[in-house]
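The lines below spell out each chain.
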Amino acid sequence: MALGGTAGAGDGEAAGADEAADAGRTRGGRGGGVEAVREVCERGLDASPDTVVGLDVPGLKILARDGLAVAWGLDHVRVEHPGGRSTDTWSRGTRVFERRDGGWVMVHKHLSVPLDPATGAARTDLRP
């Protein structure tokens, strides 16, 4: 889902498996390669086959120089549940790419969310 798009059941590749695998991580920071990450994404999407997940990065900024590129912005994830209910979350995302063999490969990804200072809880419900 190259920094934007939607995915549903059976669509682990579109859900960002290639993006996450380029960075070499699965949930919990363990390596596993493209197939392992795709499997994690597909399991999550298949658990609720009528749910659609979308990612948008409005105002995406990209800086590329000398074989390295950095992309950053606010990630907006929208989950459309069966019955018309939807959930929106926001986080700040930074991705670093390296030019290899004529293409760009993600070598690092970082996501962060604001914290509620009173509770220390993550606040993915805040809007920019």
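What counts, and where the lines are drawn
- Residues numbered from 1 in each chain as written.
- Predicted model: local features only at pLDDT ≥ 70, side-chain atom pairs only at ≥ 80, totals over all residues.
- Heavy atoms only, no water.
- Helix = DSSP H or I, 4+ residues; strand = E, 2+ residues; numbered from the N terminus.
- Buried < 20%, exposed > 50% of the residue type's maximum accessible area, 1.4 Å probe, protein only.
- Contact = heavy atoms within 4.5 Å.
- 1 Å grid on protein atoms, 1.4 Å probe; cavity = no way out; pocket = protein on both sides within 12 Å on 5 of 7 lines; lining within 4 Å.
- Points joined across faces, edges and corners; volume = space filled by probe spheres on them.
- Nonpolar A, V, L, I, M, F, W, Y, C, P; charged D, E, K, R; others polar.
- Pairing = 2+ DSSP bridges.
- Salt bridge = Lys/Arg side-chain N within 4 Å of Asp/Glu carboxyl O.
- pLDDT = per-residue confidence, 0-100.

### What about the environment of Thr89?
Right, so step 1: Within the element layout of this structure, Thr89 appears in strand β5 (residues 86-100).
Right, so step 2: Classification of Thr89 as partly exposed rests on a relative accessible area of 25%.
Right, so step 3: Thr89 has contacts with Asp75, His76, Val77 and Thr124, leaving out every residue within four places of it along the chain.

### What about the layout of surface pockets?
Right, so step 1: In this structure, the second largest pocket occupies an estimated 160 Å³ of space.
Right, so step 2: For the second largest pocket, the full set of lining residues is Leu74, Trp90, Ser91, Arg92, Ser112, Val113, Pro114, Arg123, Leu126, Arg127 and Pro128.
Right, so step 3: The leading source of residues in the lining of the second largest pocket is β5, at 3 residues.
Right, so step 4: Partitioned by chemical class, the residues of the lining of the second largest pocket number 6 nonpolar, 2 polar and 3 charged.

### Quick word on the pairing of strand β4 (residues 68-80)
Right, so step 1: Pairing geometry for strand β2 (residues 52-56) and β4, over 5 bridges, is antiparallel. Across the sheet, Asp56 pairs through a bridge with His76, a residue of β4.
Right, so step 2: Counting the residues between successive antiparallel strands, the hairpin from strand β3 (residues 61-65) to β4 contains 2 residues, one of them, Asp66, with a positive phi of roughly 55°.
Right, so step 3: In this sheet, β5 lies alongside β4 in antiparallel orientation, the contact comprising 13 bridges. Paired with Gly73 across the bridge in β5 is Gly93.
Right, so step 4: Between the antiparallel neighbours β4 and β5 lie 5 residues, among them Gly83 with a positive phi of about 90°.

### Some remarks on the pattern of salt bridges
Right, so step 1: For the structure on display, the rule yields 8 salt bridges.
Right, so step 2: Residues joined by salt bridges that share partners form a network here, namely Arg78, Glu80, Asp88 and Arg127.

### Quick look at the confidence of the model for the chain
Right, so step 1: When pLDDT is averaged across the chain, the result is 79; 74% of the residues are at 70 or more.
Right, so step 2: The spread of mean pLDDT over the elements of the chain runs between helix α1 (residues 13-22), the lowest at 48, and β3, the highest at 96.
Right, so step 3: In this model residues 20-27 is a low-confidence stretch, pLDDT under 50, and it forms 21 contacts with partners more than four residues away in sequence or in other chains.

### Considering the side chain of His76
Right, so step 1: Structurally, His76 can be placed in strand β4.
Right, so step 2: Residue classification places His76 among the buried residues on the basis of a relative accessible area of 16%.
Right, so step 3: The residues touching His76, leaving out its near neighbours within four places in the chain, are Gly54, Leu55, Asp56, Asp88, Thr89 and Trp90.

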